[in-house]
Amino acid sequence: MLGRGLKRKLSDYEENMAGLSSAFDSSRSLPYPLKRQLVLNMCLTKLQTYKMLVEPNLHRSVLIANTVRQIQEEMRQESNQQPVNICPGIAPGSHSYTGMESSGISLQLPSGVSQQESNCCDLRSVEDPIENSLLIVSDDDMSSAISSILKDLDFVEDISPPTCLVPPGDDQPKFPENTGLKLEDDRQDLKGAECVFGSFEISNSTSYLKDLAIDDIFEDIDTSMYDSDFCCPPLMPPRSPSLATEEPLKNFPSCNSSSASNIQICRTDLSELDHIMEILVGS
Amino acid sequence: FTGAGGGNDIQWCFSQVKGAVDDDVAEADIISTVEFNHSGELLATGDKGGRVVIFQQEQENKTQSHSRGEYNVYSTFQSHEPEFDYLKSLEIEEKINKIRWLPQKNAAQFLLSTNDKTIKLWKISERDKRPEGYNLKEEDGRYRDPTTVTTLRVPVFRPMDLMVEASPRRIFANAHTYHINSISINSDYETYLSADDLRINLWHLEITDRSFNIVDIKPANMEELTEVITAAEFHPNSCSTFVYSSSKGTIRLCDMRASALCDRHSKLFEEPEDPSNRSFFSEIISSISDVKFSHSGRYMMTRDYLSVKIWDLNMENRPVETYQVHEYLRSKLCSLYENDCIFDKFECCWNGLDRQVHIVMTGSYNNFFRMFDRNTKRDITLEASRENNKPRTVLKPRKVCASGKRKKDEISVDSLDFNKKILHTAWHPKENIIAVATTNNLYIFQDKMN
């Protein structure tokens, strides 16, 4: 039996979140970017939790994914107006902040709101405890999170198991160091390798994620055909073609065209398979 | 409220409460649907454990004109069992999502009940006589040797204690990949629709091995999915017309005569967003959780997280009326998102067939439920609680204090119990009797008869 029916344990992180969400509701002085970041984190937490549920609720997942998309769109528009580097690195704890001080972009600030900028800088020192519990997520990570969840919901029978969750010990993501991930190299590294979702180390306190050793269960399943999905961003949806050209700092290289078409072929096969399965089950 | 009787407001009184008294709620007892039959004589509930309980109203006692008949248990049966989908390694919940009654054609009653994947047609029939006088069996039940039977004895029907039997007559399975959220019987009483998150299927009540897919909003690439179907209903009079609502707050009206696959709607009902109310949660709270046609079919009502809207089928660009159910929650949306309450699916219902009265009812938190009178534009908040247990005592209106100084008898927003939610309510089709489901109890209220 696949061990997907996991119960959430109440953790410090969750209690934090409950306190933060009432702060969101009651406080007028929380800056907008911080509010947005908080909502984004809640969404991503929920998406990740739903992935672990026995059968995720499609309605809920779509609503949460749309909220993430909305925030993502907003952040993209802001980054278009202001040529600011999007923070690529995700590291647990406070590491992310020491390097960020100079570029000052851990929060996406709306352009032209200079007063708010300076306020934010001041606030950052005051609200570091809050920020330290919020994760910084890049645009690609958000797209991939949504894609990952929705793909899983596509009920393809032989879908690959979720190898996304990073097992303990593999803490340091490789992304800040090497900006390119070669598809070929990673096929070997896949089991322990970070995937997009794995880079969401929500915070050190969510040990319930790290305790999972899901990879061990699926050792003997050949996932090479599917694993490329997790190493590079899925095919960009047609509605946002500008993304590929715009971002100065991308986590991942764009897929080379042959592998991209392979993935496309896989997807067509999978939807045909879905159709066939439905007929078989129906008979 | 303006009653039919001549200017008096409806005064609601407690009548009965069904279900366990203790606070410790067994998960299987959580009520998941409530529905009166077409005459109102029967009231069905479905629960998370897959059971259906049907209550029957006692025949009115002509001498006791000050109260209507009580509802007592008539039949209880296990409609759905938990199943395991071996292909996907997933358990299929037995929770009853919806019950819909068929109109009565003969002595038996029929209803459709559905869980996430399978719809069943149940026949509920009474047996109050049995044949007696066979001479074919011995005392212990063994058949007698035919050569020892020397007389022909015709059995006679004799009365027996009433037995109510429920038997599944049709099982409509394997047509839904996603979770069924609605079933609706057509006005032709021969066909019905079932809707899941992405598809709507049309069935014939007699045919279980095939159904027609009439709506399919699944994108070729699931990553592009942004909208799901949340509810669907047939028009009460026009057998080719149905509506379905979405998670984006839109309602589409479709005509099955236009094409086999109703991918293109005939009408699209959508209210433009109020920019002053925009927040991160705007889309989530716009998701429609229930849609119900009025009896005439001229209007339909939708329920989203914070409001009830009445739409005129002839006007697509905005509702004709909007009623705020619990506007004080708008400033609490982040907390409600965090604890998942923002995804609660409240239902709504119209009053029974009384042409003078136009009231809509829906539930809220803290075991409160709300009624809106479309004629007088007045509204009332009532509570379903065992504390107001005395029959024929009028329920006291409740009030939530949104901000500022709390008056006596008011409840502040922060004291509301969000675990006590009323999601399912039903109104008797002919009289002012309502059934209100709390988590695991069913309350019946009726208007005070003079």
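All figures in this text were calculated on a predicted structure; none of them were measured in a lab.

J.: Would you mind showing me how to read the overall build of chain A here?
T.: A count of helices and strands for chain A gives 13 helices and 0 strands. Looking at chain A as a whole, 52% of its 283 residues are labelled buried. Sequence-distant contacts, at least 24 apart, represent 81% of the contacts inside chain A between residues at least 6 apart.

J.: Before we go on, may I ask you to explain the overall build of chain B in this structure?
T.: Scanning chain B from terminus to terminus reveals 2 helices and 32 strands. Here the C-alpha radius of gyration of chain B, 24 Å, is about what a compact globule of 450 residues would show, namely 22 Å. Seen through its C-alpha atoms, chain B measures out along the principal axes to roughly 90 × 60 × 40 Å. Sorting the 450 residues of chain B into buried and exposed places 52% on the buried side. The contacts of chain B with a sequence gap of at least 6 include a subset with a gap of at least 24, amounting to 55%. Total accessible area on chain B is roughly 21300 Å²; 47% of this is exposed by carbon and sulfur atoms. Averaging the locations of the 59 positively and 67 negatively charged side chains of chain B gives two centres separated by 4 Å.

J.: I would appreciate a short explanation of the pattern of salt bridges in the present structure.
T.: Applying the stated criterion to the full structure yields 33 salt bridges over all chains. Residues Glu347 of chain B and Lys98 of chain B are paired through a salt bridge, measuring 3.7 Å at the closest nitrogen-oxygen approach. Of the two residues, Glu347 of chain B is situated in the loop between helix H2 (333–338) and strand S24 (348–350) and Lys98 of chain B in strand S8 (residues 98–101); the sequence distance between them amounts to 249 residues. Judged by relative accessible area, which is 11%, Lys98 of chain B ranks as buried. With a closest N to O distance of 3.1 Å, Asp140 of chain B and Arg142 of chain B form a salt bridge. As far as the burial class goes, Asp140 of chain B and Arg142 of chain B line up, both exposed. Each member of the salt-bridge network shares a partner with another, and the members are Arg36, Glu74 and Glu78 of chain A.

J.: Explanation requested: the sheet that holds strand S15 (residues 207–216) of chain B in the structure shown.
T.: Residues and elements named next belong to chain B. The strand order across the open sheet built from 4 strands is S12-S13-S14-S15, with neighbouring strands paired in antiparallel fashion. The outermost strands of the open sheet, each flanked by one partner alone, are strand S12 (180–185) and S15. On average, each strand axis in the sheet is inclined to that of its neighbour by 25 degrees, with strand direction left out of account. Alignment of strand S13 (residues 191–196) against strand S14 (residues 199–204), held across 5 bridges, turns out to be antiparallel. Opposite Thr191, over in S14, you have His204 as the bridge partner.

J.: What's the story with the confidence of the model for chain A in this structure? I'm lost.
T.: In low-pLDDT regions, the fine details of the predicted coordinates are not to be read closely. Residues and elements named next belong to chain A. On average, residues of chain A score 56 in pLDDT, and 31% of them reach the 70 mark or higher. In the predicted structure, residues 84–133 sits below a pLDDT of 50 and forms 69 contacts with residues beyond four places in sequence or in another chain. Confidence drops under pLDDT 50 across residues 156–212; counting only partners more than four residues distant or on other chains, this segment forms 110 contacts.

J.: Looking at this structure, how should I read the interface of chain B and chain A?
T.: A common measure of how large an interface is: the accessible area buried when the components associate. Taken residue by residue, the interface counts 42 residues in chain B and 46 residues in chain A. Carbon and sulfur atoms supply 59% of the area that chain B and chain A bury against each other, a total of about 3900 Å² over both sides. On inspection of chain B and its partner chain A, the count reaches 2 salt bridges. Put simply, Asp340 of chain B and Arg60 of chain A hold a salt bridge, and the shortest N to O gap is 3.0 Å. The tally of links between chain B and chain A comes to 12 residue pairs in polar contact (both at pLDDT 80 or more). Broken down by secondary-structure element, the contributors of at least two residues to the side of chain B that touches chain A are strand S7 (90–92), helix H1 (282–286) and H2 of chain B.

J.: Explain the packing of aromatic side chains here, please?
T.: Given two aromatic rings, one states the distance between the centres and the angle between the planes to describe the pair. Across all of its chains, the model carries 24 aromatic pairs over all chains by this definition. Seen in terms of ring centroids, Phe234 of chain B and Phe242 of chain B are 6.1 Å apart; in terms of plane orientation they differ by 75 degrees. Their pairing is edge-to-face. Of the two residues, Phe234 of chain B and Phe242 of chain B, neither departs from the other in class, the shared state being buried. The rings of Phe24 and Tyr32 of chain A together with Phe280, Phe281, Tyr337 and Phe343 of chain B are connected pair by pair, giving a single aromatic cluster. Seen from the ring of Phe24 of chain A, Lys35 of chain A lies directly overhead, with NZ or CZ sitting 5.0 Å from the centre. Lying over the aromatic face of Tyr337 of chain B, Lys46 of chain A brings its terminal NZ or CZ to 5.0 Å of the ring centre.

J.: I would appreciate a short explanation of helix H3 (residues 58–81) of chain A in the present structure.
T.: Given 3.6 residues per helical turn, the α-helix brings residues three or four places apart onto the same face. All names here are of chain A. In this model, H3 (24 residues) spans 34 Å end to end at C-alpha, consistent with the 34 Å of a helix rising 1.5 Å per residue. Taken across its 24 residues, H3 has 18 buried, putting it largely inside the fold. The N-capping residue of H3, defined by a side-chain oxygen 3.0 Å from the backbone nitrogen of His59, is Asn57.

The rules behind these values
- Residues numbered from 1 in each chain as written.
- Chains lettered and ligands numbered in written order.
- Predicted model: local features only at pLDDT ≥ 70, side-chain atom pairs only at ≥ 80, totals over all residues.
- Heavy atoms only, no water.
- Helix = DSSP H or I, 4+ residues; strand = E, 2+ residues; numbered from the N terminus.
- Buried < 20%, exposed > 50% of the residue type's maximum accessible area, 1.4 Å probe, protein only.
- Contact = heavy atoms within 4.5 Å.
- Rg over C-alpha atoms; globule rule 2.2 N^0.38 Å.
- Areas by Shrake-Rupley, 256 points an atom, 1.4 Å probe, with all protein chains shown as cover.
- Lys, Arg positive; Asp, Glu negative; His and termini not counted.
- Charge placed at Lys NZ, Arg CZ, Asp CG, Glu CD.
- Salt bridge = Lys/Arg side-chain N within 4 Å of Asp/Glu carboxyl O.
- Pairing = 2+ DSSP bridges.
- Axes fitted to C-alpha atoms, helices over the stretch in contact; angles between N-to-C directions.
- pLDDT = per-residue confidence, 0-100.
- Buried area = accessible area lost by both parts, 1.4 Å probe.
- Polar contact = N/O pair within 3.5 Å; in protein donor to acceptor, adjacent residues only side chain to side chain.
- Phe/Tyr/Trp six-rings, centres within 6.5 Å; stacked < 30°, edge-to-face > 60°.
- Lys NZ or Arg CZ within 6 Å of the ring centre and 35° of its normal.
- Expected span 1.5 Å × (residues − 1).

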